[in-house]
Amino acid sequence: MPDWSNYRGVLVYVEQRNGAAKNVSWQLLGAGQKLAAKLDVSLMALVIGDQVEHLAREAICYGADRVFLCEGPELKDYRTRPYSRITLKLIEDVKPEICLFGATATGRDLAGAIATHLPTGLTADTTELDVEPPPSRLLLASRPAFAEKMMATILCKQYRPQMATARAGVFQALPRDPDRKGEIVRIPNPMGEEQIATRVVEFIEQKSGVNLEEAEIIVAGGRGLGGPEPFKMLKELADALGGEVGASRACVDAGWIKHEHQVGQTGCTVRPKLYFAIGISGAVQHTVGMSNSEVIIAINKDPDAPIFQFAHYGIVGDLFKIVPAITAQVRQRKAKKADPTEIFHS
Ligand SMILES: Cc1cc2nc3c(=O)[nH]c(=O)nc-3n(C[C@H](O)[C@H](O)[C@H](O)COP(=O)(O)OP(=O)(O)OC[C@H]3O[C@@H](n4cnc5c(N)ncnc54)[C@H](O)[C@@H]3O)c2cc1C
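All values derive from a computational prediction rather than experimental measurement.

Draft legend 1. Structural view of the nonpolar core. Among the nonpolar cores identified, the biggest contains 36 residues, and L29, L100 and L129 are the most heavily contacted of them. What L100 contacts, discounting residues up to four positions off in sequence, is V10, L11, V12, Y13, L28, G32, L35, L129 and A164. Counting residues in each nonpolar core, the second largest holds 27 residues, with V219, L274, F276 and I278 among its members.

Right, here's the structure in full:
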């Protein structure tokens, strides 16, 4: 086995767009901190962008001990070449034993480019991360395989760093601590604009796009809705709470709602503060995508529906009566300027 003893520490890539970080970055710092503690090493973060020093400070609040910051106008938007060059140079200089990226479009692109260039092993789309204690120090990167029927734990024994991308919503961020102290290290961008072959011409935002992974409140409906029409009722509740509408696959397959709303194994994995499962039975392929939500409220007419095993609050009854009643309560409380989510705590 090669000697990798000069590779130490855990590095998390902080993904941002227009100066705003993706939540998965903070979730990965949470996961990374556990690994770093077990290995007794420091937790590092990498922030690349234009005028993103505030994110380096945020990374410290979320658990990083040392943040490498690379800034420049040419780094405003993500492009594979400069971003991977910067990361590669940092890996060469700092020699982290583990590197983590969000399994987003950007994270997958960046991690893939780096792993093939080094070359080293990369486990994509992990949902569990652990380490074997020293002396082995091996990263145990687990991900569902064979249509989620098995968990595969993948090891990278012969190469360093050990790399993984991780699903958004699976890992938990540490509570933000504004008083945490850490070090910010500025690093230069080795590539000038003239050396970068790609140009970002324009970003076209998907107008109808839903962002379930970042949503704090999700109101999800299932086959119990009986058709596309009742999704309007769910949207009213979601709007009243400032949330997004989610759905089970049954609804998507039936053509009641678009796939971008689907939660579960073949849809999004989410970790909102509040998740409503309305007329959803709680099949495992659905619950793998939402069981980490902070508070789950299930509304179902069948008291034996498996979703009640996951729910913190359960309402047995007809969704067509219950949902409008909750929406009315939320609106009433908002009109009184009370916290609309408070009804769920009272
Ligand atoms: C490979 C594979 C991948 C899959 N991926 C996903 C995925 O990503 N996401 C996903 O969701 N599923 C997925 N599935 C499908 C999954 O197995 C279930 O079939 C699906 O989640 C069921 O959706 P549902 O709960 O909406 O419907 P059902 O299981 O039919 O449940 C409907 C529920 O509504 C309740 N109900 C009915 N009427 C009312 C009413 N008036 N008031 C209150 N409650 C009512 C019923 O009691 C019932 O519990 C996948 C399946 C496979 C094989």
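Draft legend 2. Quick peek at the sheet that holds strand β8 (residues 128-131). Across the sheet, which stays open at both edges, the three strands sit in the order β8-β9-β10 with antiparallel pairing between neighbours. Looking at which strands have only one partner, the edges of the open sheet turn out to be β8 and β10 (150-154). Put simply, the sheet's adjacent strands are angled 25° from each other on average, direction ignored. Examined bridge by bridge, strand β9 (residues 139-145) and β10 share five bridges and lie antiparallel to one another. Residue pairing for β10: P144 is matched across the bridge by M151. Against the sheet, helix α1 (residues 23-39) engages β8 and β9, with an angle of about 15° to β8.

Draft legend 3. Examining the site of the ligand more closely. Close contacts around the ligand come from 25 residues, with R223, S248, T266, S281 and N300 the closest. Between the ligand and G279, the relevant distance is 3.0 Å, taken from an oxygen atom to a main-chain nitrogen or oxygen of the residue. In this structure, an oxygen atom belonging to the ligand sits 2.7 Å away from a side-chain N or O atom of Q285. Across the complex, the protein chains shield 77% of the 1000 Å² of accessible surface that the ligand would expose by itself.

Draft legend 4. Region of the structure containing helix α4 (residues 105-117). The terminal C-alpha atoms of α4 lie 19 Å apart, and with 13 residues this matches the ideal 18 Å at 1.5 Å per residue to within 8%. Looking only at α4, the buried set comprises T106, G107, L110, A111, I114 and A115. Looking straight down α4, one finds its buried side chains confined to an arc of 145°; they lie on one side. Exposed residues on α4 whose side chains face more than 90 degrees from its buried face are A105, T116 and H117. Check the buried side of α4 and you find it contacts β1 (10-14), α3 (80-94), β6 (98-102), β7 (122-126) and β11 (162-166).

Draft legend 5. How the structure looks around the pairing of strand β5 (residues 66-71). In terms of strand pairing, strand β4 (residues 43-49) meets β5 through six bridges, oriented parallel. Paired with L46 across the bridge in β5 is F68. Assessed by its sense of winding, the connection that carries the chain from β4 through helix α2 (residues 53-61) to β5 is right-handed. Pairing analysis gives four bridges linking β5 to strand β12 (residues 183-186), with the strands arranged parallel.

Draft legend 6. Up close: the domain arrangement of the chain. We note that the domain assignment places domain 1 (10-195) and domain 2 (217-338) within the chain. In this structure, domain 1 and domain 2 have C-alpha centres spaced 32 Å apart. At the interface, nine residues of domain 1 touch six residues of domain 2. Between domain 1 and domain 2 lies a buried interface of about 640 Å² when both sides are counted; carbon and sulfur atoms form 38% of it. At the boundary of domain 1 and domain 2, one finds zero salt bridges. Applying the counting rule to domain 1 against domain 2 returns four residue pairs in polar contact (both at pLDDT 80 or more).

Calculation criteria
Residues numbered from 1 in each chain as written. Predicted model: local features only at pLDDT ≥ 70, side-chain atom pairs only at ≥ 80, totals over all residues. Heavy atoms only, no water. Core = buried A, V, L, I, M, F, W, Y, C linked by side-chain atoms within 4.5 Å. Buried < 20%, exposed > 50% of the residue type's maximum accessible area, 1.4 Å probe, protein only. Contact = heavy atoms within 4.5 Å. Pairing = 2+ DSSP bridges. Helix = DSSP H or I, 4+ residues; strand = E, 2+ residues; numbered from the N terminus. Axes fitted to C-alpha atoms, helices over the stretch in contact; angles between N-to-C directions. Near = heavy atom within 4 Å. Polar contact = N/O pair within 3.5 Å; in protein donor to acceptor, adjacent residues only side chain to side chain. Areas by Shrake-Rupley, 256 points an atom, 1.4 Å probe, with all protein chains shown as cover. Expected span 1.5 Å × (residues − 1). Arc of directions from axis to C-beta. Right-handed = clockwise from strand over helix to strand, strands pointing away. Domains from an automatic or database assignment. Buried area = accessible area lost by both parts, 1.4 Å probe. Salt bridge = Lys/Arg side-chain N within 4 Å of Asp/Glu carboxyl O.

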